[in-house]
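Residue-level listing of the chains:
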Amino acid sequence: DSGVTQTPKHLITATGQRVTLRCSPRSGDLSVYWYQQSLDQGLQFLIQYYNGEERAKGNILERFSAQQFPDLHSELNLSSLELGDSALYFCASSVGTSGSWETQYFGPGTRLLVL
Amino acid sequence: EDQVTQSPEALRLQEGESSSLNCSYTVSGLRGLFWYRQDPGKGPEFLFTLYSAGEEKEKERLKATLTKKESFLHITAPKPEDSATYLCAVQALGAGGTSYGKLTFGQGTILTVHP
């Protein structure tokens, strides 16, 4: 158990819908990262937040957005869902002054299926 | 653009048969190279971080090494419980020397150890 929690574990929804994925980092960690894992693309970095502020951005679609709240939990919002958005979404956290040199600990993931 | 290539894609071993997994990387400036283990449907589990060429780290039957262009994960006398996907990731220096938290992952090596 990494100490990172994610809810829900599974999510089934329809195309065009909007969903919210939630992540609670390890106690004391200030940085939160979101990754998407699909069979053809592997693990892809989406976005990083540090202490409530966006720190780095990957190939995150405009239909996706994220935020980190004052209690340090984070939410990833996916809207106008398409079939290709079906994937495992992982949250990771690190102690995070800058995100560098720090181990990222991953949560159990949310499996999203868009029908 | 940062790139990570892992080989082989899949590796089947007999229990006790030692072998190595390869991770080749291209990055403008390496901050750290990370090895993770991932079981099916689970989040990646941290194994090692390597920062500079020549560095080695060990944990039980696993030993990770780093050169300027690649990293190896050596598995000595593997057991069936070592079966998993092993992921390699790099963290690079950002522009102007600023470090970002983004990890760039390889596609992974699926290791199967038969009793």
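Residues numbered from 1 in each chain as written. Chains lettered and ligands numbered in written order. Predicted model: local features only at pLDDT ≥ 70, side-chain atom pairs only at ≥ 80, totals over all residues. Heavy atoms only, no water.

(A) Local environment of the nonpolar core. By size, the foremost hydrophobic cluster in this structure holds 24 residues, and its most contacted members are Leu33, Trp35, Leu73 and Tyr86 of chain B. With 5 residues, strand β9 (residues 84-92) of chain B is the single largest residue contributor to this core. Ranked by size, the runner-up nonpolar core spans 21 residues in total, among them Leu21, Ala66, Ala87 and Tyr89 of chain A. (Core = buried A, V, L, I, M, F, W, Y, C linked by side-chain atoms within 4.5 Å. Buried < 20%, exposed > 50% of the residue type's maximum accessible area, 1.4 Å probe, protein only. Helix = DSSP H or I, 4+ residues; strand = E, 2+ residues; numbered from the N terminus.)

(B) Broad picture of the sheet that holds strand β3 (residues 19-26) of chain B. Residues and elements named next belong to chain B. Judged by pairing direction, the sheet is antiparallel, and its 5 strands sit side by side in the order β1-β3-β8-β7-β6 without closing on themselves. In this open sheet, the two edge strands, each paired with only one partner strand, are β1 (3-7) and β6 (56-59). Taken over all neighbouring pairs, the strand axes of this sheet differ in orientation by 15° on average, direction set aside. (Pairing = 2+ DSSP bridges. Axes fitted to C-alpha atoms, helices over the stretch in contact; angles between N-to-C directions.)

(C) Examining unusual backbone geometry more closely. The amide bond that connects Thr7 of chain A to the next residue, Pro8 of chain A, takes the cis arrangement and shows omega of -10°. Within the secondary structure, Pro8 of chain A sits in the loop between β1 (5-7) and β2 (10-13). Of the consecutive residues Ser7 of chain B and Pro8 of chain B, the connecting peptide bond is found in the cis state with omega at -10°. If you check the backbone angles, Asn51 of chain A has positive phi at about 50° while not being a glycine. Checked against the element boundaries, Asn51 of chain A lands in the loop between β5 (42-50) and β6 (53-57). Asn51 of chain A gets classed as partly exposed once you look at its relative accessible area, which sits at 46%. Residue Ala77 of chain B is not a glycine yet carries a positive backbone phi of 45°. Secondary-structure assignment places Ala77 of chain B in the loop between β8 (70-75) and β9.

(D) Quick look at the sheet that holds strand β3 (residues 19-24) of chain A. All names here are of chain A. Strand order in the open sheet formed by 4 strands is β1-β3-β8-β7, with antiparallel pairing between adjacent strands. Only two strands of the sheet have a single partner each, and these edge strands are β1 and β7 (64-68). Strand-to-strand twist of the sheet, defined as the mean angle between neighbouring strand axes without regard to direction, takes the value 15°.

(E) The environment of Gly109 of chain A, seen in detail. Residues and elements named next belong to chain A. One can find Gly109 in the loop between β10 (105-106) and β11 (110-114). Here the alpha-carbon distance between Gly109 and Gln37, two residues 72 residues apart in the chain, equals 9.5 Å. With near-sequence residues (within four places) excluded, Gly109 lies in contact with Gln6, Pro8, Lys9, Tyr89 and Phe90. (Contact = heavy atoms within 4.5 Å.)

Geometric descriptors of this kind do not, in isolation, establish any biological role.
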